[in-house]
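Each chain, written out:
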Amino acid sequence: MRTIDWVNGAIELIDQTLLPQRVEVHRVTELPQLIDDIQRLAVRGAPALGVAGAFGVALIAASVQAEHGDDELDRDEVRRQAAILREARPTAVNLSWGVDRALTKLDAGAAAILDEAVLIRDEDIAACISMGLRGADLTRELAAKDRVSVMTICNTGSLATVERGTALGVIETLFEQGSLIEALPLETRPLLQGARLTAWELERMQAPFRLLIDSAGPFLLSRGIADAVFIGADRIAANGDTANKVGSFSLALAAQHAGVPFIVVAPESTIDMRTASGADIEIEDRGVDEVVGFGGTRTAPAGIDAVNPAFDVTPHDLITAIVTERRVILLSRGETLESVSLESLRS
Ligand code: MRU
């Protein structure tokens, strides 16, 4: 089952707010629905947001064409609506990347935009397979072991992409290759992407795992529970600083203290060379409600204030390696995104 796809003229996506209780597909035919689905995290995870952005532009183009009934697409109107979609969530660069890439086909018309979005979907599927293989090889090499236990945070699996996942895709590959002792996902407060989504995915793949409360992660690393930590990414700055789900930074600090490799797994589309460092990354604040209660039940006193950054930034000097579908950048050995550039790989 695909997390997000284009089916008979509209976007279909699994509504992740209902998991793990119910698997329901939401059909999206209008832009306001898509923006709402992105903001309430019915569709979430950086690569899936990239695909949502591209299919969103296809949806906009089709509806502008249908409304105006002209042979010629009203390009200004498509651009205007796409600009709104682009801003639906600020931290994952993939959303604006997907929108912008689909817009490159604007002059060629609505059908060409859809073709580009479908290509982005297919590239995502292939990229995840490649990241899984590269990441699994690297982990065995860095851990100097054939079988490993790995800690992870949030959800970076098939639900965060189209079909397979980034960091959780590496865990799935290790499992398929007989190299996984166990996965150790953190619950991921406040919206529990780890407990609700990653645990659901690990169970479906029948991989061995134990769920951890967030605050146990750093301590258990110091006790040697894991051979590596894998995270996904929402935006990787030019210097390697990485924005990902809040809690990643604490894990990176603890991993360094414990001497455990800390590995970022993300597609090339998550690298933002126009952002110099993590200090320049906008971090989404999701407001008070998610902190003071869960599932409609208030857990904190009424009327209190809260801070709720959805992401944090791990400085590049705490990251052992970044794995993409094209390259492995060993930051811990002095490599950089520029020194292991795609250009250098081609030559
Ligand atoms: O707020 P979310 O659930 O969209 O946050 C998702 C994450 O932080 C993921 O780790 C990241 O997007 C990478 S997904 C492969």
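Conventions adopted
- Residues numbered from 1 in each chain as written.
- Predicted model: local features only at pLDDT ≥ 70, side-chain atom pairs only at ≥ 80, totals over all residues.
- Heavy atoms only, no water.
- Near = heavy atom within 4 Å.
- Polar contact = N/O pair within 3.5 Å; in protein donor to acceptor, adjacent residues only side chain to side chain.
- Areas by Shrake-Rupley, 256 points an atom, 1.4 Å probe, with all protein chains shown as cover.
- Helix = DSSP H or I, 4+ residues; strand = E, 2+ residues; numbered from the N terminus.
- Domains from an automatic or database assignment.
- Contact = heavy atoms within 4.5 Å.
- Buried area = accessible area lost by both parts, 1.4 Å probe.
- Salt bridge = Lys/Arg side-chain N within 4 Å of Asp/Glu carboxyl O.
- Nonpolar A, V, L, I, M, F, W, Y, C, P; charged D, E, K, R; others polar.

Asker: With reference to specific residues and values, describe the site of the ligand.
Answerer: The full set close to the ligand counts 18 residues, and Arg44, Ala46, Arg89, Asn244 and Lys245 are the nearest of them. Between the ligand and the protein, one listed contact pairs an oxygen atom with a backbone N or O atom of Ala46 at 2.9 Å. With respect to the ligand, the side chain of Arg89 contributes an N or O atom lying 2.8 Å from an oxygen atom. With the chains in place, 100% of the 420 Å² that the ligand exposes on its own is no longer accessible. Contributing elements (two or more residues each) for the shell around the ligand: α2 (46-68) and β8 (242-245). Per-domain counts for the shell around the ligand show at least three residues from each of domain 1 (4-123) and domain 2 (132-346).

Asker: Give me the domain arrangement of the protein chain: which residues, what numbers.
Answerer: Think of interface size as the accessible area that goes away when the parts come together; that is how it is often given. Each assigned domain of the protein chain is listed with its residue range as follows: domain 1 (4-123) and domain 2 (132-346). Inter-centroid distance (C-alpha atoms) of domain 1 to domain 2 is 26 Å. Across the boundary between the two partners, domain 1 contributes 24 residues, which contact 27 residues of domain 2. On the domain 1 side of the contact with domain 2, Arg44, Thr91 and Val93 bury the most area, a combined 29% of that side's loss. In this structure, the connection of domain 1 to domain 2 is made through one salt bridge. Measuring nitrogen to oxygen at the nearest pair gives 2.9 Å for the salt bridge that ties Arg89 to Glu284. Where domain 1 meets domain 2, there are 14 residue pairs in polar contact (both at pLDDT 80 or more). Of all elements in the fold, only α2 and α4 (93-103) reach the threshold of two or more residues within the side of domain 1 that touches domain 2. Tallying contributions element by element places α2 first for the side of domain 1 that touches domain 2, with four residues. Its residues assigned to classes, the side of domain 1 that touches domain 2 shows 14 nonpolar, six polar and four charged.

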